[in-house]
Amino acid sequence: MTVLDHRPTDPVPGWLPGATAPRTDPAPLLPDAAPVRVLGAADLAKYDPALLLDLYRRLVAGRRYNQQATTLTKQGRLAVYPSSTGQEACQVAAATVLAEDDWLFPSYRDTLAVVGRGVDPLEALTLLRGNAHTGYDPKATRTAPLCTPLATQAPHAVGLAHAARLAGDPTVALALLGDGGTSEGDFHEALNFAAVLNAPVVFLVQNNGYAISVPLTQQSAAPTLAHKAVGYGMRGRLVDGNDVVAVHEVLAEAVDRARAGGGPTLVEALTYRLEAHTNADDATRYRQDAEVTAWQEHDPLLLMERQLRAAGLLDDAAVARATEEAEALAARMRTEFHAEPQLDPFSLFQHVYAEPTSQLLEQQAQLAAELAAEDER
Amino acid sequence: MTPTRTASMAQALNSALRDAMREDRSVHLLGEDVGKLGGVFRITDGLAAEFGADRCLDTPLAEAGILGTAIGMAMYGLRPVVEMQFDAFAYPAMEQLVSHLAKMRNRTAGKLPLPITVRIPYGGGIGGVEHHSDSSEAYYASTPGLHVVTPATVQDAYGLLRSSIASDDPVVFLEPKRLYWSKAELDQAAGSEPIGRAVLRRQGRSAVLITYGPSLPVCLEAAEAAAAEGWDLAVLDLRTLVPFDDATVAQVVRSVGRAVVVHEATGFGGVGAEIAARVTERCFHHLAAPVLRVTGFDIPFPPPMLEHHHLPGVDRILDAVAKLQWEA
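Here the structure is a predicted model, which means the values were calculated and not measured.

Attention now moves to the overall build of chain B. Across its full length, chain B carries 12 helices and 14 strands. For 328 residues, the compact-globule estimate of 2.2 N^0.38 gives 20 Å, and chain B sits close to it at 20 Å. Its C-alpha atoms give chain B principal-axis dimensions of about 60 × 45 × 40 Å. By the burial criterion, 63% of the 328 residues in chain B qualify as buried. If you take every contact in chain B between residues at least 6 apart in sequence, the share linking residues at least 24 apart comes to 81%.

This is the structure in structure tokens:
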């Protein structure tokens with residue numbers, strides 16, 4: 001019995017051996033007809049108040065982080081920042097459902113989820129600042145590098161989860177993707193491998209409506225992106241991506257299921273990026289103000305604050321404390337980003353190979369000579 | 001201790017995989033058809049039976065998925081060996097190869113090295129139809145972060161594959177498929193062969209043929225034929241394109257003063273152009289003639305019934321050698 005022997009192999013009546021009879025009933029794999037929603041739909045009393053307050057504080061800090069990072073791009077302190085303003089609920093939930101030994105595989109817009117894993121907020125930004133590719137230690141933090149090519153980190157999540165399962169470890173991998181990423185070949189190959197290997201991996205698609213400027217209707221003709229799961233033999237879930245409690249609940253269930261050997265899940269979170277794709281984008285060219293305004297009414301922070309206050313779990317003092325914490329984070333970002341980063345030109349030649357080749361050693365000597373000549377001028 | 005025996009290159013590669021898997025439990029094989037079938041060239045023959053379906057994994061047919069999954073496995077501490085069935089079938093995995101496999105160590109400041117060997121049968125000469133005969137080494141060689149290894153002998157097939165699997169860096173291991181059935185003595189006890197060292201296969205004083213992989217036997221044959229015309233040709237087998245053994249190449253070229261680079265891949269922007277440039281830069285004052293290249297034509301790989309016109313043969317090499325009579 002190997003890890004791979006998880007599928008029923010009994011012949012299906014009426015089908016010749018090896019013929020492609022339906023192997024599983026697709027119905028249980030189908031996503032919910034309406035997105036799962038907790039805020040405004042369920043009684044918060046059944047949830048741990050400490051968890052709810054933690055999620056709220058993280059939303060507030062995440063919003064402030066997004067705002068401060070965007071400001072830093074305007075000051076030239078960050079090369080680029082793809083804001084996740086409006087998507088904080090997905091980011092917060094992604095970070096908080098994982099156990100310490102689980103792995104997160106983020107995309108470039110997922111800095112908040114990375115910070116939520118415990119990565120230093122400034123180290124998480126080196127890629128976008130431009131002073132180093134990955135400022136944190138992926139192994140120590142069980143957080144893969146922010147991935148810029150679309151969906152290419154998804155197969156890595158599958159491979160890591162598969163290897164963990166072979167080792168008998170309870171590790172789960174969570175891959176974060178956008179709606180545009182679901183059109184990439186690597187997304188499909190990752191889902192297929194995950195299902196075939198029964199890998200303990202969860203895919204979270206943050207459907208924010210646009211792949212830069214291209215709306216979802218031009219991205220996919222599927223009923224929902226969660227429906228894509230069914231074709232791979234995987235469970236699909238649909239959730240309100242601005243409802244942090246719902247995203248947390250759906251993801252936590254998928255993670256638990258994967259950990260228990262139940263296989264992968266594809267979760268589609270319906271959300272919206274309130275800002276442009278990045279600071280370099282002009283969102284007014286492709287979307288109407290009315291649409292943005294409507295989504296502002298469905299802001300993940302507003303939803304959570306309103307519900308927590310209604311449930312008597314949040315008062316002005318608690319809001320003030322959360323805001324204060326977020327301001328302290330923003331202040332730290334400002335201070336440290338106004339200092340020039342320490343750059344080592346010779347780091348260019350480090351970590352290309354375990355041992356530098358003779359060619360790289362020659363080029364390193366060339367750079368040393370160029371720097372010496374500059375100093376003499 | 002396994003005694004020395006006669007083996008084909010395919011058997012040598014199979015032995016290298018088996019020995020590596022026996023010695024190191026973290027070595028895992030994955031690819032299309034590598035399990036029960038033992039690979040279309042039988043390089044993984046018997047390994048699933050010995051090590052189980054988890055360690056010799058038949059994957060879905062998707063090269064990006066295969067390599068991407070291997071990357072994740074390596075991130076968790078395994079040492080995957082990936083088989084790409086044929087040269088041109090590796091192209092769907094190009095983004096994983098270039099953007100992740102080659103760069104992960106660098107992207108993570110050394111925290112996530114990827115000890116992955118990507119085995120790719122490459123080159124023509126076996127009558128393969130379209131997409132089964134490409135020589136893609138230039139793509140890999142111009143991608144920093146990858147080692148590019150290509151054995152030409154049975155012993156090197158074993159020794160270099162052992163080193164590649166043991167390497168903490170990713171290796172693109174190009175197997176000259178037309179040499180799979182070539183036989184020679186194999187001494188498994190000799191163990192691994194270090195990556196990055198060229199070796200002189202034939203001594204000679206008139207000129208040197210610099211080559212690798214599938215073109216080595218052609219060059220040795222050409223050197224024999226040239227002897228009849230009074231040319232005493234050395235033949236240098238690079239064995240590794242990255243890292244490039246500048247020292248040995250320069251030493252040999254300086255000692256003979258004339259050089260021809262031979263490979264079957266297309267010439268324009270090819271590895272031969274790089275070698276010719278390096279040799280010229282380093283050995284200019286020792287050269288009695290320009291460095292010449294003998295390559296395949298700059299065409300998509302031709303249909304099998306025409307491939308012999310494209311692949312560099314003895315005559316094309318001898319024509320180039322004749323041109324070396326040019327004196328400064």
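Residue and element names in this part refer to chain B. In spatial order, the strands read E9-E11-E10-E13-E14; together these 5 strands make up an open sheet with mixed pairing. One side of each edge strand has no neighbouring strand; the edge strands of this open sheet are strand E9 (199–202) and strand E14 (292–296). Taken pair by pair, the neighbouring strands of this sheet meet at an average axis angle of 25°, ignoring direction. The pairing of strand E10 (residues 207–211) with strand E11 (residues 233–237) spans 5 bridges and is classified as parallel. Each bridged residue has a counterpart across the sheet, and for Ile 210 the counterpart in E11 is Leu 236. Against the sheet, helix H12 (residues 314–323) engages E10, E11, strand E13 (259–266) and E14, with an angle of about 165° to E14.

All names here are of chain A. Taken in spatial order, the 5 strands of this open sheet run E1-E2-E3-E7-E6, and their pairing is parallel. Two strands in the sheet have a free side with no partner beyond their single neighbour: strand E1 (103–105) and strand E6 (235–240). Ignoring which end each strand starts from, the neighbouring axes of this sheet average 20° apart. Examined bridge by bridge, strand E3 (residues 201–207) and strand E7 (residues 265–270) share 6 bridges and lie parallel to one another.

Residues and elements named next belong to chain A. The residue Thr 73 is located in helix H1 (residues 49–74) in this model. On the basis of relative accessible area, Thr 73 is assigned to the buried category, the value being 9%. Of the polar contacts made by the side chain of Thr 73, one reaches the backbone oxygen of Thr 70; its length is 2.5 Å. Once residues within four sequence positions are removed from consideration, Thr 73 is found in contact with Leu 78, Val 80, Tyr 81 and Asn 279.

What follows concerns a negative patch on the surface. Residue and element names in this part refer to chain A. Taken together, the side chains of Glu 370, Glu 374, Asp 375 and Glu 376 define an acidic patch exposed on the protein surface. Note on placement: Asp 375 falls in helix H13 (residues 358–376). For Asp 375, a relative accessible area of 67% translates into the label exposed.

When two helices pack together, their arrangement is given by the angle between the helix axes and the distance between those axes. Residues and elements named next belong to chain A. Packing of H1 against helix H9 (residues 244–259) leaves a shortest axis separation of 10 Å and a crossing angle of 115°. As far as their axial angle goes, H9 and H1 are roughly perpendicular. For the crossing formed where H1 meets H9, the hand is right-handed. Contacts between H1 and H9 involve Leu 51, Leu 52, Leu 55 and Leu 59 from the first element and Val 244, Val 245 and His 248 from the second. Residues belonging to the contact of H1 with H9 are distributed by class as follows: 6 nonpolar, 1 polar and no charged.

Next up on the list: the confidence of the model for chain B. On average, residues of chain B score 96 in pLDDT, and 98% of them are at 70 or above. Of the two predicted TM-score estimates for the complex, the pTM is 0.96 and the ipTM is 0.95.

We now examine the environment of B:Glu23. Here B:Glu23 lies in helix H1 (residues 9–23). Distance in space between the C-alpha atoms of B:Glu23 and B:Thr69 is 23 Å, their sequence separation being 46 residues.

This paragraph deals with the domain arrangement of chain A. For chain A, the assigned domains are domain 1 (27–343) and domain 2 (344–377). Measuring from the centre of the C-alpha atoms in domain 1 of chain A to the corresponding centre in domain 2 of chain A gives 39 Å.

Residues and elements named next belong to chain B. On the secondary structure map, Arg 316 appears in helix H12. The exposure class of Arg 316 is partly exposed, given its relative accessible area of 23%. Apart from residues no more than four positions distant in its own chain, Arg 316 is found in contact with Val 294, Thr 295, Gly 296, Phe 297, His 309, His 310 and Leu 311.

Right, let's get into H12(B). Within an α-helix, residues lying three or four positions from one another point in the same direction, as the helix has 3.6 residues per turn. Residue and element names in this part refer to chain B. Turning to H12, its buried residues number three or more, namely Val 314, Ile 317, Leu 318, Ala 320 and Val 321. Projected onto a plane normal to the axis of H12, the buried residues spread over an arc of 160° and lie on a single side. Residues of H12 that are exposed and point over 90 degrees away from its buried face: Asp 315, Asp 319 and Lys 323.

This paragraph deals with the packing of H1(A) against helix H12 (residues 316–338) of chain A. All names here are of chain A. One can describe the packing of H1 onto H12 by two numbers: an axis separation of 9 Å at closest approach and a directional angle of 30°. Classified by the angle between their axes, H1 and H12 sit roughly parallel to one another. When you trace H1 past H12, the crossing you get is right-handed. Of the residues in H12, those in contact with Tyr 56, Arg 57, Val 60, Ala 61, Arg 64, Tyr 65, Gln 68, Ala 69 and Leu 72 of H1 are Val 319, Ala 322, Thr 323, Glu 325, Ala 326, Glu 327, Leu 329, Ala 330, Met 333, Arg 334, Phe 337 and His 338. Its residues assigned to classes, the contact of H1 with H12 comprises 13 nonpolar, 3 polar and 5 charged.

Our next topic: the interface of chain B and chain A. Counting residues at the interface gives 43 residues for chain B and 44 residues for chain A. Of the roughly 3,500 Å² buried between chain B and chain A, counting both surfaces, carbon and sulfur atoms make up 63%. The largest contributions to the chain B side of the interface with chain A come from B:Asp54, B:Tyr76 and B:Arg107, which together make up 19% of the buried area. The interface formed by chain B and chain A contains 1 salt bridge. Of all the secondary-structure elements, those providing two or more residues to the side of chain B that touches chain A are helix H3 (63–75), helix H4 (94–101), helix H5 (104–107) and helix H10 (271–283) of chain B. Tallied by class, the residues present in the side of chain B that touches chain A amount to 19 nonpolar, 14 polar and 10 charged.

On to the pairing of strand E2 (residues 173–178) of chain A, then. Residue and element names in this part refer to chain A. Burial within E2 is extensive, with 5 of its 6 residues counted as buried. Across 3 bridges, E1 lies against E2 in parallel orientation. Directly across from Trp 103, in E2, lies its bridge partner Ala 173. In terms of strand pairing, E2 meets E3 through 6 bridges, oriented parallel. Counted as the bridge partner of Leu 176 is Leu 204 from E3. Between E2 and its parallel partner E3, the chain crosses via helix H7 (residues 185–197), and the hand of that crossover is right-handed.

Rules behind the numbers
Residues numbered from 1 in each chain as written. Chains lettered and ligands numbered in written order. Predicted model: local features only at pLDDT ≥ 70, side-chain atom pairs only at ≥ 80, totals over all residues. Heavy atoms only, no water. Helix = DSSP H or I, 4+ residues; strand = E, 2+ residues; numbered from the N terminus. Rg over C-alpha atoms; globule rule 2.2 N^0.38 Å. Buried < 20%, exposed > 50% of the residue type's maximum accessible area, 1.4 Å probe, protein only. Contact = heavy atoms within 4.5 Å. Pairing = 2+ DSSP bridges. Axes fitted to C-alpha atoms, helices over the stretch in contact; angles between N-to-C directions. Polar contact = N/O pair within 3.5 Å; in protein donor to acceptor, adjacent residues only side chain to side chain. Patch = residues over 30% accessible without salt bridge, like charges linked within 9 Å, V, L, I, M, F, W, Y side chains within 5 Å. Areas by Shrake-Rupley, 256 points an atom, 1.4 Å probe, with all protein chains shown as cover. Salt bridge = Lys/Arg side-chain N within 4 Å of Asp/Glu carboxyl O. Lys, Arg positive; Asp, Glu negative; His and termini not counted. Charge placed at Lys NZ, Arg CZ, Asp CG, Glu CD. Parallel < 35°, antiparallel > 145°, perpendicular 65-115°, else oblique. Left-handed = near helix turned anticlockwise from the far one by under 90°. Nonpolar A, V, L, I, M, F, W, Y, C, P; charged D, E, K, R; others polar. pLDDT = per-residue confidence, 0-100. Domains from an automatic or database assignment. Arc of directions from axis to C-beta. Buried area = accessible area lost by both parts, 1.4 Å probe. Right-handed = clockwise from strand over helix to strand, strands pointing away.

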